[in-house]
Amino acid sequence: MPYLRKCCCCFSLKTGGVILGWLGAVTSFLVLVVTIIALCNVDVLVKMIMEHAQDNEVTSDAIKAYLQIGLGVYIAMSLVALISASLLIAGAVRRNRYLLLPWLISGAINLAVGLIITMVQVAMTMSENVAEGFITLVFMLVMYGFGVYIWLAIMSLFQELRQEECNGVGAAALIYKAPPANDGLPAYSGLA
């Protein structure tokens, strides 16, 4: 049984899946383009960082290496997000729950990593300024709660499609439907 019946209080789960898929695909594509541009201009970024660096012990080669590795990882993450968002759109439109799995898995990983990063960020902020740390905590809880809600909406779509498949309604039920007992051909017993 699905956790939620509607996505964002007014859309069906299918429509919410398509909208969230398109938002994710467009965002991932834009982030991918900006990251590739940044990677192509890494020397300019290193120069800007060196101008504003307060620590003179850091070399420009080390900064360049860290930027290239970080931007490369970010490109890979953006590609995974773009592919999983595209599969989310296809799965919602075609009513195929298996196409939702990449988005659900990458979303769960992002939520887990995001929770760890959020806890570290809040702890670091609270160690410097408690009031600012509390504001950061509230903001991060709201953002993380929204992320969990979105993930639950897509998980509910997955469960709805699984339930349709079990009832013999969804796309997967049409694909995996057992053949009829007879082969569908007319009986030729009266010809002899």
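To be clear, the structure that these remarks concern was listed above.
The shown structure was predicted, so the numbers you read here are calculated from the model rather than taken from an experiment.

Peer 1: Describe the packing of helix α3 (residues 60–94) against helix α4 (residues 101–128), and please don't skip the residues or the numbers.
Peer 2: Contact pair α3 / α4: the axes reach a minimum separation of 7 Å and the direction vectors enclose 135°. Here α3 lies oblique to α4, going by the angle between them. Judged by the sense of rotation from one axis to the other, the crossing of α3 with α4 is left-handed. In this structure, α3 uses Val-80, Ser-84, Ala-85, Leu-87 and Leu-88 to contact α4, whose residues at the interface are Pro-102, Trp-103 and Ser-106.

Peer 1: Tell me about the layout of surface pockets, residues and numbers included.
Peer 2: Here the largest pocket defines a volume of roughly 1300 Å³. What lines the largest pocket is a set of 31 residues, among which Ala-81, Ser-106, Gly-107, Asn-110 and Leu-111 lie closest to the centre. Put simply, the parts of the chain that give the lining of the largest pocket at least two residues each are α1 (13–40), α3, α4 and α5 (130–167). Ranked by residue count, the leading element in the lining of the largest pocket is α4, at 11 residues. In terms of residue class, the lining of the largest pocket is made up of 20 nonpolar, 11 polar and no charged.

Peer 1: Tell me about the nonpolar core, and please be specific about residues and values.
Peer 2: Leu-100, Trp-103, Leu-104, Ile-154 and Leu-157 are the most contacted members of the largest nonpolar core, which has 16 residues in total. Secondary-structure elements contributing two or more residues to this core are α1, α3, α4 and α5. When residues in this core are grouped by element, the largest group, 7 residues, is from α5. Leu-157 has contacts with Leu-13, Lys-14, Gly-17, Ala-92, Arg-95 and Leu-100, leaving out every residue within four places of it along the chain.

Peer 1: Tell me what's going on with the packing of α1 against α5, and back it up with residues and numbers.
Peer 2: α5 packs onto α1 with a crossing angle of 130° between their chain directions and a minimal axis gap of 9 Å. Taken together, the axis directions place α1 and α5 in an arrangement best described as oblique. Seen along the crossing, α1 lies across α5 with a hand that is left-handed. The residues of α5 that touch α1, namely those facing Leu-13, Lys-14, Gly-17 and Leu-20, are Ile-150, Ala-153, Ile-154, Ser-156, Leu-157 and Glu-160. Here the residues of the contact of α1 with α5 are counted per class, giving 6 nonpolar, 2 polar and 2 charged.

Each value, and the rule that gives it
Residues numbered from 1 in each chain as written. Predicted model: local features only at pLDDT ≥ 70, side-chain atom pairs only at ≥ 80, totals over all residues. Heavy atoms only, no water. Axes fitted to C-alpha atoms, helices over the stretch in contact; angles between N-to-C directions. Helix = DSSP H or I, 4+ residues; strand = E, 2+ residues; numbered from the N terminus. Parallel < 35°, antiparallel > 145°, perpendicular 65-115°, else oblique. Left-handed = near helix turned anticlockwise from the far one by under 90°. Contact = heavy atoms within 4.5 Å. 1 Å grid on protein atoms, 1.4 Å probe; cavity = no way out; pocket = protein on both sides within 12 Å on 5 of 7 lines; lining within 4 Å. Points joined across faces, edges and corners; volume = space filled by probe spheres on them. Nonpolar A, V, L, I, M, F, W, Y, C, P; charged D, E, K, R; others polar. Core = buried A, V, L, I, M, F, W, Y, C linked by side-chain atoms within 4.5 Å. Buried < 20%, exposed > 50% of the residue type's maximum accessible area, 1.4 Å probe, protein only.

Geometric descriptors of this kind do not, in isolation, establish any biological role.
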